[in-house]
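Okay, here's what each chain looks like letter by letter:
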Amino acid sequence: MTPFNRRDFLRIGGAAVSLTFLAPRLVLSDAGSNGRILVILQLVGGNDSVNTVIPYADPKYRQWRPLLAIPDAEILKVDSRLGLHPSMGALAELYQRRRFAFVNNVGFPTLDRSHFHCQDVWQTADENHAGAHGRHSSGWLGRYADLYLGHEAHSLTALSIGNRVPLGMAAETVIPAAITSAATYQIQTDPRTPGGREPWLAAIRGSYEHGSMGHAHGDLDAIRMSGAEMFESIDLLETIPPPSETAGYPDSSLGRGFQLVSQVLAANLGTRVVWISTGGYDTHSTQGGMHANLLADLSGSLAAFQADLEQRRLDDRVVVMGWSEFGRRVQENASSGTDHGKAGTMFLMGNHVKGGAFYGEVPDLGTLDQGDLPTQIDFRSVYWTLIDDWLGHDPEPVLMGRYENLGFIGEPDPVARRRAVRR
């Protein structure tokens, strides 16, 4: 029998295996760690950055978008050139408090407007990525975890909110737990025989906890170990505190996801990297109302998460980075939407983010790359800055090259000075 490891389980088992077999042993310890946490938020589909961070002073904005341009009086103007979409009021407040920032004109040299290729590149940090049998089948955050978190790894060191582990977290040793909700992270038994649940679970638990641990039965022992660790992680997840009653999360998948993240972090179970995704950003038609709703959910969820962290006194330990696989074309299409573009905008949130600012140039709608915003900042420079300045490790082995440090991480502003957001 060919030996296999936890990563083999991930390859063959999909969502169910990520829940049942992939959680390494849970240890409540911060030994060897700086305790800092990075949360990645993926906006799936290609967010329209032009109507998110709006270059409203550029006369070409309304020329290119006669229907989709946001009325000037509604834009949340953060300076004389740029403003946020009116649905992003909660994030505009965080921008005033210097807890939110964005990076303009982000992409990579071979960006080709393909969802699949672009997502793979962003998640592996490798433009030559060619799938599971290609150059790299690990994700950039998975490589980071393997390199720098392996010595303290446990079942929730790396956490994915959802049914599956994203490529960006694929790793050799520090395999993430994939959780949709704490209530469903458990063993399902036949509801028709509730009295048999505990004996059945005890029997299964016992089968994992006992048996040979010798080399002759290495594969079976790997299953036993993974099963025992699964039960251990289920037990410990039952200890997370209740959700905040005052943070104000939206009643949405994204809001509930961030709420779960805050509960896990508050339990101090040792989580260091988190990935959460939200979709709907492929707005080819009737974009206006749809995009407004998406940005309202995004803004409300992030602001509630920051408020929750502040209530739990975790806000000095967490930075959130948001990205989407590409921006969208500057000119609206005939269906009142926008098609796949190139460069877009990333964002950052947290006490240690040098917020109330943007990084990179203001998008120039008169200087385009085949109708798209051209890339001026490589997305790996954002990763580099986070690994270097926030997580405190050498980014080069993770990113397989050297990139610019953008300087957006620093000490928190003790008095978050408010600056007016004009309409």
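Cut-offs used in this document
Residues numbered from 1 in each chain as written. Predicted model: local features only at pLDDT ≥ 70, side-chain atom pairs only at ≥ 80, totals over all residues. Heavy atoms only, no water. Axes fitted to C-alpha atoms, helices over the stretch in contact; angles between N-to-C directions. Helix = DSSP H or I, 4+ residues; strand = E, 2+ residues; numbered from the N terminus. Parallel < 35°, antiparallel > 145°, perpendicular 65-115°, else oblique. Contact = heavy atoms within 4.5 Å. Nonpolar A, V, L, I, M, F, W, Y, C, P; charged D, E, K, R; others polar. Phe/Tyr/Trp six-rings, centres within 6.5 Å; stacked < 30°, edge-to-face > 60°. Buried < 20%, exposed > 50% of the residue type's maximum accessible area, 1.4 Å probe, protein only. Expected span 1.5 Å × (residues − 1). Salt bridge = Lys/Arg side-chain N within 4 Å of Asp/Glu carboxyl O. Polar contact = N/O pair within 3.5 Å; in protein donor to acceptor, adjacent residues only side chain to side chain. Left-handed = near helix turned anticlockwise from the far one by under 90°. 1 Å grid on protein atoms, 1.4 Å probe; cavity = no way out; pocket = protein on both sides within 12 Å on 5 of 7 lines; lining within 4 Å. Points joined across faces, edges and corners; volume = space filled by probe spheres on them. Pairing = 2+ DSSP bridges.

1. Topic: the packing of helix α3 (residues 89-96) against helix α9 (residues 287-311)
Across the interface, α3 lies against α9 with an axial gap of 7 Å and an inter-helix angle of 45°. When the axes of α3 and α9 are compared, the pair comes out oblique. Where α3 approaches α9, its residues Gly-89, Ala-90, Leu-91 and Leu-94 are matched on the opposing element by Ser-299, Leu-302, Ala-303 and Gln-306. Taken together, the residues of the contact of α3 with α9 sort by class into five nonpolar, three polar and no charged.

2. A short note on the packing of aromatic side chains
If you walk through the whole model with that rule in mind, you get 12 aromatic pairs. Taking 6.0 Å as the distance between ring centres and 70° as the angle between the ring planes, the aromatic pair formed by Tyr-359 and Phe-408 counts as edge-to-face. Here Tyr-359, found in strand β11 (residues 357-359), pairs with Phe-408, found in the segment after α11 (396-399); they are 49 residues apart in sequence, far enough to count as distant. Judged by its relative accessible area of 14%, Tyr-359 is buried. Assessed through its relative accessible area of 0%, Phe-408 is described here as buried. Ring centres 5.1 Å apart and planes at 80° place the aromatic pair Phe-379 and Tyr-383 in the edge-to-face group. Residue Phe-379 and its partner Tyr-383 are located together in helix α10 (residues 379-390), separated by four residues, close to a single helical turn. In this structure Tyr-383 comes out as buried when scored by relative accessible area, which is 0%.

3. Some details on helix α8 (residues 253-266)
Between its terminal C-alpha atoms α8 stretches 20 Å, which fits the 20 Å expected from 14 residues at 1.5 Å a residue. With 11 of 14 residues buried, α8 lies mostly within the body of the structure.

4. Observations regarding the side chain of Asp-48
Here Asp-48 is to be found in the loop between β1 (37-43) and β2 (53-54). When sequence neighbours within four positions are dropped, the list of residues in contact with Asp-48 reads Arg-65, Gln-287, His-291, Arg-328 and Thr-338.

5. What to know about the environment of Ser-138
On the secondary structure map, Ser-138 appears in the loop between α4 (115-124) and α5 (140-148). Distance in space between the C-alpha atoms of Ser-138 and Thr-124 is 6.4 Å, their sequence separation being 14 residues.

6. What to know about the pattern of salt bridges
Oppositely charged side chains are able to pair whenever their charged atoms sit close together. Applying the stated criterion across every chain yields a total of 13 salt bridges. Notably, a salt bridge pairs Arg-65 with Asp-48, separated by 2.6 Å at the nearest N-O pair. Note that Arg-65 is positioned in the loop between α2 (60-64) and β3 (76-77) and Asp-48 in the loop between β1 and β2, a separation of 17 residues in sequence. The pair formed by Arg-65 and Asp-48 is uniform in burial state, with each residue classed as buried. With a closest N to O distance of 2.7 Å, Arg-97 and Glu-310 form a salt bridge. One end of the pair, Arg-97, is in the loop between α3 and β5 (100-107); the other, Glu-310, is in helix α9, with 213 residues separating them in the sequence. Where salt bridges share partners, they join Arg-113, Arg-329 and Asp-372 into one cluster.

7. Looking at the side chain of Ser-301
The residue Ser-301 is located in helix α9 in this model. A relative accessible area of 0% places Ser-301 in the buried class. Looking at Ser-301, its side chain comes within polar contact range of the main-chain oxygen of Asp-297, at 2.8 Å. When neighbours within four sequence positions are excluded, Ser-301 is seen to be in contact with Tyr-249, Pro-250, Ser-252, Leu-254, Gly-255 and Phe-258.

8. Here's the deal with the packing of α8 against α9
In contact at an axis separation of 9 Å, α8 and α9 are set at 15° when each is read in the N-to-C sense. The orientation of α8 with respect to α9, classified from their angle, is roughly parallel. Two packed elements cross with a definite hand, and for α8 against α9 that hand is right-handed. Each of Leu-254, Gly-255, Phe-258, Val-261, Ser-262 and Leu-265 in α8 lies in contact with α9, whose residues at this interface are Asp-297, Leu-298, Ser-301, Leu-302, Phe-305, Asp-308 and Leu-309. Looking at side-chain class alone, the contact of α8 with α9 contains eight nonpolar, three polar and two charged residues.

9. What about α10?
It helps to recall that an α-helix has 3.6 residues per turn; residues three or four apart then point in one direction. With 12 residues, α10 ought to run about 16 Å at 1.5 Å a step, and its terminal C-alpha atoms sit 16 Å apart, in line with that. Counting buried residues in α10 gives 10 out of 12 residues, a clear majority hidden from the surface. When we look at burial in α10, the residues that qualify are Phe-379, Arg-380, Ser-381, Val-382, Tyr-383, Trp-384, Thr-385, Leu-386, Ile-387 and Trp-390. Two residues or fewer after α10 comes Gly-392, characterised by a positive phi angle close to 75°.

10. Quick word on empty space enclosed by the protein
One pass over the full model with this rule turns up three cavities of 30 Å³ or more. If you add up the space inside the largest cavity, you get close to 90 Å³. As for the largest cavity, its lining consists of 13 residues, and the residues nearest its centre are Asn-47, Thr-52, Val-53, Thr-345 and Phe-347. Counting only elements with at least two residues in the lining of the largest cavity, the list comes to β5 and β10 (344-349). Take the lining of the largest cavity: its biggest share by element is three residues, from β10.

11. Side note on the pairing of strand β8 (residues 273-278)
Along any regular strand the residues' side chains alternate between the sheet's two faces. When you tally the buried positions in β8, you get five out of six residues, the bulk of the element. Note: β1 against β8, six bridges, orientation parallel. Bridged to Val-39 within β8 is Val-274. Direction of pairing for strand β6 (residues 158-161) relative to β8: parallel, over a ladder of four bridges. Within the sheet, the bridge partner assigned to Ser-160 lies in β8 and is Trp-275.

By themselves these figures say nothing about function.
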